[in-house]
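# Structure at a glance
Below, each chain spelled out in residue letters.
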Amino acid sequence: MFPSKYSIAYPLFLIGIVLIISGLRWLINPEPWLLDEVANVERLGMSFDQLFEPEINKTLPGYLVQIYRFFGFWVLIAGLLLSSFSNVSMMKHDIIVSRLIKIVGFMIFFGLYLSYTFIPSSHFLYLIWGALFLYLVSLFSYIKMRNNKR
């Protein structure tokens, strides 16, 4: 029956799984900046070969790996937290559901804003739009369930 706790939990859980996979990709890829090469090259206005060529930039690849590893770590942690708290047994706690809905909404809408502002040609926008769709399913179900409780 729609809406249900499942229609709130499962979409949020899927978003968490995508975050886990994305975080792991940034953590294990030897050149993580190339995962979104087209958008990064467009933003830089030059290729990575050109960027790394000058002597002053020889240590830049190591620095970028460090930055992307931390980024991947935080994305992984966000995914683990979201997938841990978006199970059906947690959906009976209104305060948890309410906070998850608000925080995930903020994350997705702010992520869309930042993506379109800084890297509008990124293929990661498709993931964010997919996450937005899943989020809207959860949000709609949450609103319907709250209205049914009244």
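Remember, it's a predicted structure, so these values are computed and weren't measured experimentally.

## With respect to the overall build of the protein chain
- When its secondary structure is counted, the protein chain shows six helices and zero strands.
- Starting at the N terminus and walking to the C terminus, you meet the elements of the protein chain as α-α-α-α-α-α.
- The C-alpha radius of gyration computed for the protein chain amounts to 18 Å, which surpasses the reference 15 Å derived for 150 residues by more than 25%, pointing to a less compact arrangement than a globule.
- The dimensions of the protein chain, computed from C-alpha atoms along their principal axes, are 65 × 25 × 20 Å.
- Burial statistics for the protein chain: of 150 residues in total, 37% are counted as buried.
- Residue pairs at least 24 apart in sequence account for 72% of intrachain contacts in the protein chain once pairs closer than 6 positions are excluded.
- As presented, the protein chain carries roughly 9,400 Å² of accessible surface, and 70% of it is formed by carbon and sulfur atoms.

## A short note on the nonpolar core
- Ile8, Leu12, Ile15 and Ile108 are the most contacted members of the largest nonpolar core, which has 31 residues in total.
- Within the residue set of this core, elements represented by two or more residues are α1 (5-28), α3 (48-52), α4 (60-85), α5 (94-118) and α6 (124-149).
- The leading source of residues in this core is α6, at eight residues.

## Observations concerning the side chain of Ser4
- With respect to the element layout, Ser4 can be found in the segment before α1.
- Within the local environment of Ser4, its side chain forms a polar contact with the backbone nitrogen of Tyr6, the two atoms lying 3.2 Å apart.
- Excluding its chain neighbours within four sequence positions, the residues that come into contact with Ser4 are Ser141 and Met145.

## Some remarks on α4
- Given a rise of 1.5 Å per residue, 26 residues ought to cover 38 Å, and the 38 Å separating the end C-alpha atoms of α4 matches this to within 8%.
- Turning to α4, its buried residues number three or more, namely Leu64, Val65, Tyr68, Gly72, Val75, Leu76, Gly79, Leu82 and Ser83.
- Each element contacted by the buried residues of α4 is listed here: α1, α2 (37-44), α3 and α5.

## What about the packing of α1 against α6?
- Where α1 contacts α6, the two axes come as close as 7 Å, and the packing angle between them is 155 degrees. By the angle class used here, α1 and α6 are roughly antiparallel. Relative to α6, α1 is oriented so that their crossing is left-handed. Here Lys5, Ser7, Ile8, Pro11, Leu12, Leu14, Ile15, Val18, Ser22 and Trp26 of α1 lie close against α6, whose contacting residues are Phe124, Leu127, Ala131, Leu134, Tyr135, Val137, Ser138, Ser141, Tyr142 and Met145.
- Class assignment of the residues belonging to the contact of α1 with α6 gives a composition of 15 nonpolar, four polar and one charged.

Conventions and cut-offs
Residues numbered from 1 in each chain as written. Predicted model: local features only at pLDDT ≥ 70, side-chain atom pairs only at ≥ 80, totals over all residues. Heavy atoms only, no water. Helix = DSSP H or I, 4+ residues; strand = E, 2+ residues; numbered from the N terminus. Rg over C-alpha atoms; globule rule 2.2 N^0.38 Å. Buried < 20%, exposed > 50% of the residue type's maximum accessible area, 1.4 Å probe, protein only. Contact = heavy atoms within 4.5 Å. Areas by Shrake-Rupley, 256 points an atom, 1.4 Å probe, with all protein chains shown as cover. Core = buried A, V, L, I, M, F, W, Y, C linked by side-chain atoms within 4.5 Å. Polar contact = N/O pair within 3.5 Å; in protein donor to acceptor, adjacent residues only side chain to side chain. Expected span 1.5 Å × (residues − 1). Axes fitted to C-alpha atoms, helices over the stretch in contact; angles between N-to-C directions. Parallel < 35°, antiparallel > 145°, perpendicular 65-115°, else oblique. Left-handed = near helix turned anticlockwise from the far one by under 90°. Nonpolar A, V, L, I, M, F, W, Y, C, P; charged D, E, K, R; others polar.

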